[in-house]
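Topology and contacts: notes
The primary structure of each chain is shown beneath.
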Amino acid sequence: MKHLLAARKKLIILLIHGVGLPVLVRFRKPKPWHYSHEELRRFPEGTWGKALADTLDKKGYRLLRNYEYHDAKHVLLGYGMDEVSEVRMQFFFLGNRRYSFPVLSTVITGMLLMPERWGLFLDEFRKGRSLPPVNRHDIARMVTEPLAEVRARLLTSNQNPDKHAIN
């Protein structure tokens, strides 16, 4: 079973990083991003940008050109940067009414390769559905703001803010 899980992890990483990302770069026009990884490191403690740099540094990752928004959303939403967290985040986005190729392909891949996680994925979908659309905001400009304030502003539903906030 351990070997099967390791193979599944490698397959998911290959599909996302070896196939998906290179294909997307060819067809997608990237939105401008205003800060380098080094500049994010110098942001004040507590800001979204500093949290993004710290998260990437702890994982030994670097800020990937054209994927800065994606990495920033991991930090905003509190999802890790492993394969299960990636699929969870994409289920959140599907629920949050984001119907892009990366979202749909990752959701389908996750459903096929991780059937034991369907309940978890359904919970993420419901979280996304309960909140206003995250992608309508100018994320690149908001990374200078305190992360806690951005989360409070963007990740609360009108019905019960504490119930659906993502920590």
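Structure's up top.
Residues numbered from 1 in each chain as written. Predicted model: local features only at pLDDT ≥ 70, side-chain atom pairs only at ≥ 80, totals over all residues. Heavy atoms only, no water.

**A short note on helix 3 (residues 48–59)**
Each full turn of the α-helix corresponds to 3.6 residues, which orients residues three or four apart in the same direction. For helix 3, which comprises 12 residues, the first-to-last C-alpha distance of 17 Å matches the rise-based estimate of 16 Å (1.5 Å per residue) to within 8%. Among the residues of helix 3, W48, G49, K50, A51, L52, A53 and L56 are the ones counted as buried. Lining the buried residues of helix 3 we find helix 2 (37–41), helix 4 (68–77), helix 8 (139–142) and helix 9 (147–154). Looking one or two places after helix 3, you find G60, whose phi comes out positive at around 75°. (Helix = DSSP H or I, 4+ residues; strand = E, 2+ residues; numbered from the N terminus. Expected span 1.5 Å × (residues − 1). Buried < 20%, exposed > 50% of the residue type's maximum accessible area, 1.4 Å probe, protein only. Contact = heavy atoms within 4.5 Å.)

**Some thoughts on the packing of helix 4 against helix 5 (residues 83–95)**
Helices that pack against each other are described as a pair by the angle of their axes relative to one another and the distance between those axes. Look at helix 4 against helix 5: their axes get within 11 Å of each other, and the N-to-C directions meet at 85°. Taken together, the axis directions place helix 4 and helix 5 in an arrangement best described as roughly perpendicular. Contacts between helix 4 and helix 5 pair H70, K73, H74 and L77 from the former with E86, M89, Q90, F92 and F93 from the latter. Each residue belonging to the contact of helix 4 with helix 5 can be placed in one class, and the counts come to four nonpolar, three polar and two charged. (Axes fitted to C-alpha atoms, helices over the stretch in contact; angles between N-to-C directions. Parallel < 35°, antiparallel > 145°, perpendicular 65-115°, else oblique. Nonpolar A, V, L, I, M, F, W, Y, C, P; charged D, E, K, R; others polar.)

**Examining the pattern of salt bridges**
Counting across every chain of the model gives 10 salt bridges. Here E116 makes a salt bridge to R117, at a shortest N to O gap of 3.8 Å. Between R141 and D138 there is a salt bridge; the shortest N-O distance is 3.4 Å. Using a relative accessible area of 52% as the deciding quantity, one classes R141 as exposed. (Salt bridge = Lys/Arg side-chain N within 4 Å of Asp/Glu carboxyl O.)

**Some points on the nonpolar core**
Counting 38 residues, the largest nonpolar core has W33, L40, W48, L52, L76 and L77 as its most contacted members. The biggest single contributor to this core is helix 5, with seven residues. What W33 contacts, discounting residues up to four positions off in sequence, is L40, L52, L63, E68, Y69, A72, I139, A140 and V143. (Core = buried A, V, L, I, M, F, W, Y, C linked by side-chain atoms within 4.5 Å.)

**Let's talk about the packing of aromatic side chains**
Tallied over the entire structure, the rule returns five aromatic pairs. An angle of 75° between the planes, with centres 5.1 Å apart, marks the rings of W33 and Y69 as edge-to-face. Separated by 36 residues along the polypeptide, W33 in the loop between helix 1 (2–27) and helix 2 and Y69 in helix 4 bring together distant segments of the chain. We note that W33, like Y69, is buried. Plain terms: the ring middles of F91 and F121 are 4.7 Å apart, the flat faces sit at 10° to each other, and that makes the pair stacked. Taken together, the residues F91 in helix 5 and F121 in helix 7 (residues 118–130) connect sequence positions 30 residues apart. (Phe/Tyr/Trp six-rings, centres within 6.5 Å; stacked < 30°, edge-to-face > 60°.)

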